Structures are given as C-alpha cells and as structure tokens.
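Listed below, chain by chain, are the residues.
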Amino acid sequence: MSHSPLPPSDDVAANLAEVRARIGTAAEQVGRDPRGVTLVAVSKVQPVEKLRAALVAGQRVFGENRVQEAKAKWTDLKADYPDVELHLIGPLQTNKVKEAVALFDVIQTVDRPKLAQALAAECRKQNRWPQFFVEVNTGEEPQKAGIPPAEVGAFLAACKADYGIPVSGLMCIPPAEEEAALHFALLADLARRHFVPGLSMGMSGDYEVAVRLGASHVRVGTSIFGARQTQPAEG
Ligand SMILES: *Cc1c(COP(=O)(O)O)cnc(C)c1O
C-alpha cells in the first residue's frame with residue numbers, strides 16, 4: 001500500500017528539497033549515510049520546463065520509461081547539462097536497444113535473457129557500457145515484467161558467464177495493493193545473497209520505507225514534479 005504524505009507544490013525546487021530532506025531523515029533513522037542513496041527524479045511525461053527547474057535546483061539524476069520520449073526531451077538538455085545521468089526505468093524492447101545504449105547511463109529493466117544478449121552485443125558494438133540493473137518480479141505477478149525471485153541467481157550467473165553484461169543492481173516495482181516493505185525486504189535479501197550492490201526500490205508513496213530497508217536508488221516522480229497529465233504508453 002502506498003500513500004503520499006503531502007501533495008507536492010508547483011515549486012519543483014521546494015519539492016526536491018523536501019524529498020531530499022525526507023531521504024536524509026529516513027537514512028539517519030537506520031544509521032545510514034544519506035549520501036548512499038541516489039535520488040532518481042522520474043521525469044516521464046513531465047514538460048521540459050519542470051525538468052529545467054529540477055536541473056537549476058541541482059538535480060542531475062533522472063528516470064524515464066520510454067526510449068523515444070527520453071531521446072526527444074533529453075538530447076538538448078544533455079547538451080546544456082553534460083553531467084546528467086539518465087536511467088531507463090521502463091520496459092525495453094529489443095528493437096530499441098541501440099538507442100537505449102546510446103542514450104542511457106543506467107538501464108534498470110533487464111528482465112529476460114534475449115534482452116541481456118541484445119544489450120551485450122550492442123554495448124560491444126558501440127563500445128559504451130551503461131550500468132545494468134535486473135528487474136525482479138517480487139510479487140510474481142503474471143502481467144508484470146521481471147525475473148521471478150527464485151530464478152534471480154541463475155539469471156545473474158548467466159548475465160556474467162553467458163551474456164557478458166555486468167549487473168550492478170536489482171530493481172522492483174511491488175504490487176500496488178500490497179505492503180511495499182515486504183517486497184523491499186525480499187529484494188534487499190536477494191541483493192545481499194548474490195552480492196549485488198545496487199538496490200532500486202521506492203517511489204513517491206514509499207521511498208522512505210525503501211531507504212530504511214537499504215535502497216541505493218529511489219525513483220520519485222509525483223512528489224517532485226506533481227501529478228502526471230497523461231499516462232505514458234508502452235515502449
Ligand atoms: C513512474 C514510475 C516511478 C515514479 O512513480 P511516482 O509514484 O510518480 O513517484 C517509479 N518507478 C517506475 C518504474 C515508474 O514507472
């Protein structure tokens with residue numbers, strides 16, 4: 001279950017400060033260094049003015065869930081802010097792998113062998129190696145992407161030995177109607193057992209919980225930019 005503690009204001013800089021402060025408090029509650037948590041500002045569907053406001057406020061790490069939309073919005077912005085770090089947090093089709101490898105610094109949604117193979121081949125071709133996170137379907141929902149928890153070990157081994165892509169993290173999107181903390185704890189346990197350092201979990205409604213359970217990356221959209229005007233399409 002998720003809740004938004006406060007509706008975000010129109011002031012992106014103030015919202016960012018609030019989210020950063022809450023991450024700091026949550027980290028301190030469990031004796032973590034807040035600098036160990038990367039805030040990924042999820043800018044999908046948001047207008048470029050809001051992205052610019054976040055950039056002016058010092059935010060540099062952003063998440064998008066569609067390759068085409070990200071390319072359209074970020075090509076110019078990246079020219080102005082070369083130190084921006086872009087994360088792909090939505091499903092990736094193999095026919096978009098070329099553009100994804102060229103654009104993104106972190107691809108958080110590696111969720112099947114065919115995609116891992118295609119990414120490895122494309123990285124070699126471009127000689128550009130983003131970081132890769134494996135998406136885990138912690139709720140084992142049939143309609144949702146991700147590796148089932150029981151298969152994570154075998155998939156990580158195959159990424160290393162067969163496909164040749166280094167995996168630096170795990171990510172999950174818990175079922176909307178369930179207690180997120182249970183899924184975050186499961187993901188953290190998988191990461192520990194398989195010696196994967198990165199842990200991407202937590203959205204606007206539950207990022208503080210995720211930080212307390214060890215998240216290295218939280219993906220926050222609505223609490224920073226306000227409600228999205230339209231639902232993003234697949235791809
Ligand atoms: C949209 C999205 C988010 C951000 O969700 P908010 O509730 O707006 O913070 C985080 N992760 C993924 C994978 C998303 O698609």
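The present account deals with the structure reproduced in this document.

Reading the values: the criteria
Residues take numbers from 1 onward in each chain, read along the sequence in its written order. Local features in a predicted model are, by the rule used here, given only for residues with pLDDT of at least 70; side-chain atom pairs are given and counted only at 80 or more, and totals for whole chains, interfaces and linings are based on all residues. Here the side-chain values reflect all heavy atoms present in the structure, with hydrogen atoms and water set aside. Secondary structure follows DSSP: runs of H or I at least 4 residues long count as helices, runs of E at least 2 residues long count as strands, and numbering of each begins at the N terminus. The buried label applies to any residue whose accessible area, calculated with a 1.4 Å probe on protein chains only, is under 20% of its type's maximum; exposed applies above 50%, and partly exposed to all values in between. Any pair of residues with heavy atoms lying within 4.5 Å of one another is described as a contacting pair. With residues, only the protein chains shown are counted as cover, and all accessible areas are computed by Shrake-Rupley using a 1.4 Å probe. We score Asp and Glu as negative and Lys and Arg as positive, and we do not count His or the chain ends. A charge is said to be at NZ when it belongs to Lys, at CZ for Arg, at CG for Asp and at CD for Glu. Any residue with a non-hydrogen atom lying within 4 Å of a molecule or strand is treated as near it. In protein, a polar contact requires one atom able to donate a hydrogen and another able to accept it; more generally it is a pair of N or O atoms within 3.5 Å, and residues adjacent in sequence count only if both atoms are side-chain atoms. For this classification, the nonpolar set comprises Ala, Val, Leu, Ile, Met, Phe, Trp, Tyr, Cys and Pro, the charged set comprises Asp, Glu, Lys and Arg, and every other residue, Gly included, is treated as polar. We call a set of buried residues a nonpolar core when its members are Ala, Val, Leu, Ile, Met, Phe, Trp, Tyr or Cys and they connect through side-chain atoms within 4.5 Å of each other. Each Phe, Tyr or Trp ring, with Trp reduced to its six-membered ring, pairs with another whose centre is within 6.5 Å; inter-plane angles below 30 degrees give stacked pairs, above 60 give edge-to-face pairs, and intermediate values give tilted ones.

## Here's the deal with the overall build of the protein
Counting its regular elements, the protein contains 9 helices and 8 strands. Dimensions of the protein along its principal axes, counting C-alpha atoms only, are 45 × 40 × 30 Å. Burial analysis of the protein (235 residues in total) assigns 49% to the buried set. For the protein, the proportion of contacts with a sequence separation of at least 24, taken over those separated by at least 6, is 60%. For the protein, the exposed area adds up to about 10,900 Å²; of that, 53% sits on carbon and sulfur atoms. One finds the centroid of the 26 positive side-chain charges in the protein at a distance of 5 Å from the centroid of its 28 negative side-chain charges.

## What about the site of the ligand?
Around the ligand, a shell composed of V42, K44, I89, I173, M203, S204, R219, V220, G221, T222 and R228 is seen. The contact in question runs from a nitrogen atom of the ligand to an N or O atom on the side chain of R219, over 2.9 Å. At 2.8 Å from an oxygen atom of the ligand is found a side-chain nitrogen or oxygen belonging to R228. Calculation on the ligand without its partners gives an accessible area of 390 Å², and the protein chains cover 89% of this total. Class assignment of the residues belonging to the shell around the ligand gives a composition of 5 nonpolar, 3 polar and 3 charged.

## Here we look at the nonpolar core
Counting 64 residues, the largest nonpolar core has L170 and V218 as the members making the most contacts within it. Those residues in contact with V218, other than ones at most four positions away along the chain, are I23, V37, T38, L39, V40, M201, G202, Y207, A210 and V211.

## Considerations on the packing of aromatic side chains
Within this structure, the stated rule accounts for 2 aromatic pairs. Geometrically, the ring pair formed by F62 and W74 is tilted, given 4.7 Å between the ring centres and 45° between the ring planes. Linking F62 in strand 2 (residues 61-64) with W74 in helix 3 (residues 67-80), this pair joins segments that are 12 residues apart in sequence. Take F62 and W74: they sit in the same class, and that class is buried. Aromatic pair F155 and Y163: ring centres 6.4 Å apart, planes at 55°, arrangement tilted. Residue class for F155 comes out buried when judged on its relative accessible area of 6%. On the basis of relative accessibility, which here comes to 12%, the residue Y163 falls in the buried class.

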